[in-house]
Amino acid sequence: MSLYTQHVHACPVQSRSLRLYIHTISRGALGPAMAPAVVERWAWLGSAVATVIFLWSVVQNYVPPTFRLYLTTWAAKLAAFFNPYLQITISEYGAERFQRSDFFLAVEAYLSDACARRARKLKAELGKDSKNLRVSVDDHEEVTDDFSGITIWWYASKRQSKANVISLYPGGDERRFYRVVFHQRHRDLVVDSYLPFVLGEGRAVTVKNRQRRLFTNNASGSWNPYKGKSVWSHVPFEHPATFDTLAMHPDEKEAVIDDLMAFQESKEYYAKVGKAWKRGYLLYGPPGTGKSTMIAAMANFLDYDVYDLELTAVKNNTELRKLFIETTGKSIIVIEDIDCSVDFTGKRRKDKKASSNKDSDNDDKPKLPIEPEKDDATKVTLSGLLNFIDGLWSACGGERIIIFTTNHKEKLDPALIRRGRMDKHIEMSYCRFEGFKVLAKNYLDVIEHELFGEVQRLLEETDMSPADVAENLMPMSKKKKRDPDVCLIGLIEALKQAKEEAAAAKVKEAEEAQAKKAKEKEETEVKKGKDKDKAPEAANGDIKQGDK
């Protein structure tokens, strides 16, 4: 593109005036007297252009490259002296040829959201990780943007590579770029304020339009970045759970929501107090109480991705650290049933080794050779998991939530769930009346019913998980469909049965405890009787030895 063309493109008003002037001449609107003069002037201009083209070809063919570069540099300076407009180019690929520039993607998202409506040529596409159709500015198209009272021009362009080589890298055969043009007196405003604004807004648009994903970690043997096999695999995250549908007391839900909002809006506060921008939640309670549903509701509320970490597929602490580094911000990292996932066997292995050494000291018999013990690096240790949660590597990136779930909180090591690692402990308990009302509204579209009183009384006396309550409310046949009375009666019967079973189990447990106590008492009495029988024999033996 010549300097003249750049100037015309950078000044749309002048470009339109020039086109209007040429159109006026072609229509003969200037009158028959001025027509010969205009024709003569344009003939002179044509000769001048031909002369410039001829001289430029001579320069390219006969002038040494060093001198040619010198002339080009001075020509650019001369053009810049007369042209008050500056331009900045944002290329699709920067130094990293394997990955598209974050700034380029942010500009593309910003223009598609803020400026695409003013473009004449558009292109529509569905992005790789986008849930919505994206309409963006087409190549070789111009759009304008207004910022703080100034006008800024954007051009979407691409150029083909001059080398006749087939490239194996993305973008090797063509290079796309955006060019922003502005007046030189607005340089500081554009560089210091406008471009950072575009970057932030573009990233926000990308997050808003992206398809949220559910990740799971791959076995380490399949990791190969050169073959496109990452440490994580993902599917679209489409769980419909929200806090509105979560069977939980309203006050407890409100407390969780307030805590999540405070975390999401506290980036500056975390930096001020010197903490990594992350937060830990421990969800504990009996099975079926909604721990997984709570995680999905959190992800939908915050609009975060979910990383479901399977510890049994992780060989050692190094792999665990690698998995953490490969996670992104705005994500929830979940380890479900952490008390069952991995045995943190460091202490137990030490006790076992000491026990085996003691046995070997007491037994002098020859032993068969045993299989050598595996190295500690083949296990994820408690120390490695603690560093994963709260070590130096946990500060890589930001805006992450780490969630552990367990059915048995008492089995977890106190160091693992202390405040600062698991900042908030949320008990997911059995279904009570407030949670039941949420389920009744979700499943039956019922807010009030004459049977609610009976249900409330039974729920206060009986422990039943929200999953079991929901199963009894869900219509499974045509007879129960759209009939709240039948569903509620079925729930009442299930609650009564659960109450009877709980009472019977309690009686049985008491009987077993009583029988065990009686057995222990009987064994104690038998032992005492044996000790009494041994005492006279020992005394008689002493007497006999004394007589001798």
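Everything here concerns the structure above.
Note that the coordinates shown come from a computational prediction; the quantities given were computed from them, not determined experimentally.

Visitor: Give a detailed account of the packing of aromatic side chains, specifying residues and quantitative values.
Guide: By the definition in use, this model includes 16 aromatic pairs. On the basis of an interplanar angle of 45° and a centroid distance of 6.3 Å, the ring pair of W154 and Y194 is categorised as tilted. A residue pair is termed long-range when its members are at least 10 positions apart, and W154 in strand β5 (residues 150–160) and Y194 in helix α6 (residues 187–209) qualify at 40 residues. Since its relative accessible area comes to 0%, Y194 is described here as buried. Ring geometry for W232 and Y307: centres 4.8 Å apart, planes at 75°, overall edge-to-face.

Visitor: Give a description of the environment of S465 that names residues and reports values.
Guide: For S465, the location among the structural elements is in the loop between α16 (452–461) and α17 (466–473). Between the alpha carbons of S465 and Y430 there is a distance of 4.7 Å; along the sequence they are 35 residues apart. The contact partners of S465, leaving out residues within four places of it in the chain, are P287, G288, T289, Y430 and C431.

Visitor: Mind laying out the nonpolar core, listing which residues take part and the relevant values?
Guide: Grouped together as the largest cluster of nonpolar side chains are 28 residues, with contacts concentrated most on F243, M294, M298, I401 and I426. When contributions to this core are tallied by element, the ones reaching two or more residues are α7 (250–264), β9 (278–284), α9 (291–302), β11 (331–335) and β12 (400–406). The element that contributes the greatest number of residues to this core is α9, accounting for 7 residues.

Visitor: Give a detailed account of a nonpolar patch on the surface, specifying residues and quantitative values.
Guide: Residues F54, L55, V58 and Y62 make up a contiguous nonpolar surface patch of roughly 460 Å² in combined accessible area. Tracing the backbone shows Y62 in helix α3 (residues 35–62). Since its relative accessible area comes to 69%, Y62 is described here as exposed.

Visitor: Describe the environment of A502, and please don't skip the residues or the numbers.
Guide: In this structure, A502 sits in helix α18 (residues 484–547). Sequence separation of A502 and T462 is 40 residues, and the distance between their C-alpha atoms is 7.9 Å.

Visitor: Account for the packing of helix α15 (residues 433–444) against α17, with residues named and values stated.
Guide: As a packed pair, α15 and α17 sit with axes 10 Å apart at the nearest point and diverge in direction by 35°. Between α15 and α17 lies a crossing of right-handed hand. Between α15 and α17, the residues in contact are F436, L439, A440, Y443 and L444 and P466, V469, A470 and L473, respectively. Its residues assigned to classes, the contact of α15 with α17 shows 9 nonpolar, no polar and no charged.

Visitor: Kindly report on a negative patch on the surface, identifying the contributing residues and their values.
Guide: Side chains of D251, E252, E254, D258 and E427 sit close together on the surface and give a patch of like negative charge. Overall, E427 belongs to the partly exposed group, its relative accessible area being 48%.

Conventions we followed
Residues numbered from 1 in each chain as written. Predicted model: local features only at pLDDT ≥ 70, side-chain atom pairs only at ≥ 80, totals over all residues. Heavy atoms only, no water. Phe/Tyr/Trp six-rings, centres within 6.5 Å; stacked < 30°, edge-to-face > 60°. Helix = DSSP H or I, 4+ residues; strand = E, 2+ residues; numbered from the N terminus. Buried < 20%, exposed > 50% of the residue type's maximum accessible area, 1.4 Å probe, protein only. Contact = heavy atoms within 4.5 Å. Core = buried A, V, L, I, M, F, W, Y, C linked by side-chain atoms within 4.5 Å. Patch = residues over 30% accessible without salt bridge, like charges linked within 9 Å, V, L, I, M, F, W, Y side chains within 5 Å. Areas by Shrake-Rupley, 256 points an atom, 1.4 Å probe, with all protein chains shown as cover. Salt bridge = Lys/Arg side-chain N within 4 Å of Asp/Glu carboxyl O. Axes fitted to C-alpha atoms, helices over the stretch in contact; angles between N-to-C directions. Left-handed = near helix turned anticlockwise from the far one by under 90°. Nonpolar A, V, L, I, M, F, W, Y, C, P; charged D, E, K, R; others polar. Lys, Arg positive; Asp, Glu negative; His and termini not counted. Charge placed at Lys NZ, Arg CZ, Asp CG, Glu CD.

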